[in-house]
Amino acid sequence: MDLKAFASDVPPIVKYLGLDRFLRLLRLLRHLGKPVMRVANGDVYAGAFGIIHGRDLVIAKESARFACPEINVGVFPLMVSAIMFRSVPRLKGNEVMTLGQAITAREALELGVVNWVVLDASFQVELAVVVRKLVDKSPLWVQLGKMPL
């Protein structure tokens, strides 16, 4: 999805076409039965920020930034807010969504949005370490632990 479409002079059907893809993706990830690791190898904006919130594990480069810039093109990130408020304190979530300003990876860590923030220079090495720890776990028990109640 492209936020520029919301600011452009196109018919509403074009602006909102495909919004259901976001929800379908989140449902798929939730019912996958396997842990899903999100990797913030760069900036994480708009819908990608929402996907980060529907996560199991998130590792981020120190230089990564996180934002909901939808408000800057005249749209409130309603779908992202529904997910964000499950993991971020309401006041901070409101700040991020209503101001449209980015937060740093360290701020995301403090808010509990990411599990790890690693230096850019050692990102690939640290990512490999975390992935190795994950794949060494029992697939059956991880799947059972992820089953929705």
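Residues numbered from 1 in each chain as written. Predicted model: local features only at pLDDT ≥ 70, side-chain atom pairs only at ≥ 80, totals over all residues. Heavy atoms only, no water.

Caption draft 1: Up close: the sheet that holds strand 1 (residues 37-40). Taken in spatial order, the three strands make up an open sheet running 1-3-6, and their pairing is parallel. Each of the sheet's edge strands pairs with one partner strand only, and the pair in question is strand 1 and strand 6 (116-118). Going from strand to strand, the sheet's axes swing by 15 degrees on average, the running direction of each strand aside. Each of strand 1, strand 3 (57-61) and strand 6 touches helix 8 (residues 123-135); the most contacted strand, strand 3, lies at about 170 degrees to it. (Pairing = 2+ DSSP bridges. Helix = DSSP H or I, 4+ residues; strand = E, 2+ residues; numbered from the N terminus. Axes fitted to C-alpha atoms, helices over the stretch in contact; angles between N-to-C directions. Contact = heavy atoms within 4.5 Å.)

Caption draft 2: Representation of the sheet that holds strand 4 (residues 65-67). Here we have three strands laid out as an open sheet, ordered 2-4-5, and mixed in their pairing. Unpaired on one side and paired on the other, strand 2 (44-45) and strand 5 (103-104) mark the two borders of the sheet. Relative to strand 4, strand 2 runs parallel, the two being bridged by two bridges. Its bridge partner lying in strand 4, valine 44 is registered against phenylalanine 66.

Caption draft 3: Seen up close, a nonpolar patch on the surface. Taken together, the side chains of Leu140, Trp141, Leu144 and Met147 define a hydrophobic patch exposed on the protein surface, amounting to about 460 Å² of accessible area. Checked against the element boundaries, leucine 140 lands in helix 9 (residues 139-146). (Patch = residues over 30% accessible without salt bridge, like charges linked within 9 Å, V, L, I, M, F, W, Y side chains within 5 Å. Areas by Shrake-Rupley, 256 points an atom, 1.4 Å probe, with all protein chains shown as cover. Salt bridge = Lys/Arg side-chain N within 4 Å of Asp/Glu carboxyl O.)

Caption draft 4: Expanded view of helix 8. An ideal rise of 1.5 Å per residue puts 18 Å on 13 residues; helix 8 measures up with 18 Å between its terminal C-alpha atoms. Lining the buried residues of helix 8 we find strand 1, strand 3 and strand 6. (Expected span 1.5 Å × (residues − 1).)

Caption draft 5: Inspection of the side chain of serine 81 at higher detail. Residue position: serine 81 is located in helix 5 (residues 78-84). Classification of serine 81 as buried rests on a relative accessible area of 10%. Once residues lying within four places of it in the same chain are set aside, the contact partners of serine 81 are Phe76 and Met97. (Buried < 20%, exposed > 50% of the residue type's maximum accessible area, 1.4 Å probe, protein only.)

Caption draft 6: Geometry of the packing of aromatic side chains. All told, the structure shown has one aromatic pair when counted by the stated rule. Residues phenylalanine 49 and phenylalanine 66 carry aromatic rings whose centres are separated by 5.9 Å and whose planes lie at 45 degrees to one another, so their mutual orientation is tilted. In this pair, phenylalanine 49 is assigned in helix 4 (residues 47-53) and phenylalanine 66 in strand 4, connecting sequence segments 17 residues apart. When its relative accessible area of 0% is taken as the criterion, phenylalanine 66 is described as buried. Lying over the aromatic face of phenylalanine 85, arginine 90 brings its terminal NZ or CZ to 3.9 Å of the ring centre. (Phe/Tyr/Trp six-rings, centres within 6.5 Å; stacked < 30°, edge-to-face > 60°. Lys NZ or Arg CZ within 6 Å of the ring centre and 35° of its normal.)

Caption draft 7: Geometry of the confidence of the model for the protein. Considering every residue of the protein, the mean pLDDT works out to 86; 91% of them sit at 70 or more. Mean pLDDT in the protein bottoms out at helix 1 (residues 4-7), which sits at 63, and peaks at strand 6, which reaches 97. (pLDDT = per-residue confidence, 0-100.)

Caption draft 8: Up close: unusual backbone geometry. In this model, alanine 46 sits at a positive phi of 55 degrees, which is unusual for a non-glycine residue. With respect to the helices, strands and loops of the structure, alanine 46 is situated in the loop between strand 2 and helix 4.

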